[in-house]
Amino acid sequence: MNTNSLQQQANEPTRRNNILYLIITTPDLSINELEFTYKIGDHKIIDFTLEEQDPNTRSQHKQVLDYKRANFELMKEKLSSNNYEVLMSNKNAGECYMILKETIASATEYYILTERIMPTNNPTWF
């Protein structure tokens, strides 16, 4: 999530010792007054307020991936050239996921160009 600038806000167990509720935000959204208020059965209920950053204080430009100009053939060749059996041998599922995630992120950064765009006035979830 950190590579995508996402943040998990609920960091406390909501059912027994498990975190069941994901409250994921981007940096321009803030969670205020996050409270685990009461229980329904064995689930804790979360109350919070969500505040969006003032659109006038946002950056004037935003970097986005430009898939139209991407070189998917070279990216496919690069990703196919890895010996994933060797890379992931003796690794648990979490470690295998991180290897795959980092490999794809690196290839994306190298083979898919970015472009600067003007942000819209829509809320960030649109």
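Residues numbered from 1 in each chain as written. Predicted model: local features only at pLDDT ≥ 70, side-chain atom pairs only at ≥ 80, totals over all residues. Heavy atoms only, no water.

Let us look at the confidence of the model for the protein chain. Per-chain confidence: the protein chain averages 81 in pLDDT, with 83% of residues scoring 70 or above. Confidence scores differ between elements of the protein chain, with strand β1 (residues 7–8) showing the lowest mean pLDDT of 74 and helix α1 (residues 72–81) the highest of 95. (pLDDT = per-residue confidence, 0-100. Helix = DSSP H or I, 4+ residues; strand = E, 2+ residues; numbered from the N terminus.)

With that settled, the discussion passes to the pairing of strand β3 (residues 29–40). Alignment of β3 against strand β4 (residues 43–52), held across eight bridges, turns out to be antiparallel. By the bridge assignment for β4, Glu35 is matched with Asp47. Here β3 folds back onto β4 in antiparallel fashion, the turn holding two residues, of which Gly41 has a positive phi close to 65°. (Pairing = 2+ DSSP bridges.)

Right, let's get into the pattern of salt bridges. Tallied over the entire structure, the rule returns one salt bridge. Among the salt bridges present, the one from Arg69 reaches Asp66, with a minimum N-O distance of 2.6 Å. The exposure class assigned to Arg69 is partly exposed, which follows from its relative accessible area of 49%. Asp66 gets classed as buried once you look at its relative accessible area, which sits at 9%. (Salt bridge = Lys/Arg side-chain N within 4 Å of Asp/Glu carboxyl O. Buried < 20%, exposed > 50% of the residue type's maximum accessible area, 1.4 Å probe, protein only.)

What follows is about the nonpolar core. Counting five residues, the largest nonpolar core consists of Ala70, Met75, Ala107, Tyr111 and Ile112. Non-local contacts of Ile112, meaning those with residues more than four positions away in its chain, are made with Leu65, Asp66, Tyr67, Ala70, Phe72, Met75 and Ala107. (Core = buried A, V, L, I, M, F, W, Y, C linked by side-chain atoms within 4.5 Å. Contact = heavy atoms within 4.5 Å.)

Bringing helix α3 (residues 93–111) into the picture now. Given a rise of 1.5 Å per residue, 19 residues ought to cover 27 Å, and the 27 Å separating the end C-alpha atoms of α3 matches this to within 8%. Residues of α3 that are buried include every one of Cys96, Ile99, Thr103, Ala107, Thr108 and Tyr111, and no others. For α3, the angular spread of the buried residues around the axis is 160°, confining them to a single face. Residues Tyr97 and Glu109 are exposed on α3 and point more than 90 degrees away from its buried face. Those residues of α3 hidden inside the fold are in contact with β5 (62–65), α1 and α2 (84–87). You can read the cap of α3 off the contacts: a side-chain oxygen lies 3.0 Å from the backbone nitrogen of Gly94, and it is on Asn92. (Expected span 1.5 Å × (residues − 1). Arc of directions from axis to C-beta. Polar contact = N/O pair within 3.5 Å; in protein donor to acceptor, adjacent residues only side chain to side chain.)

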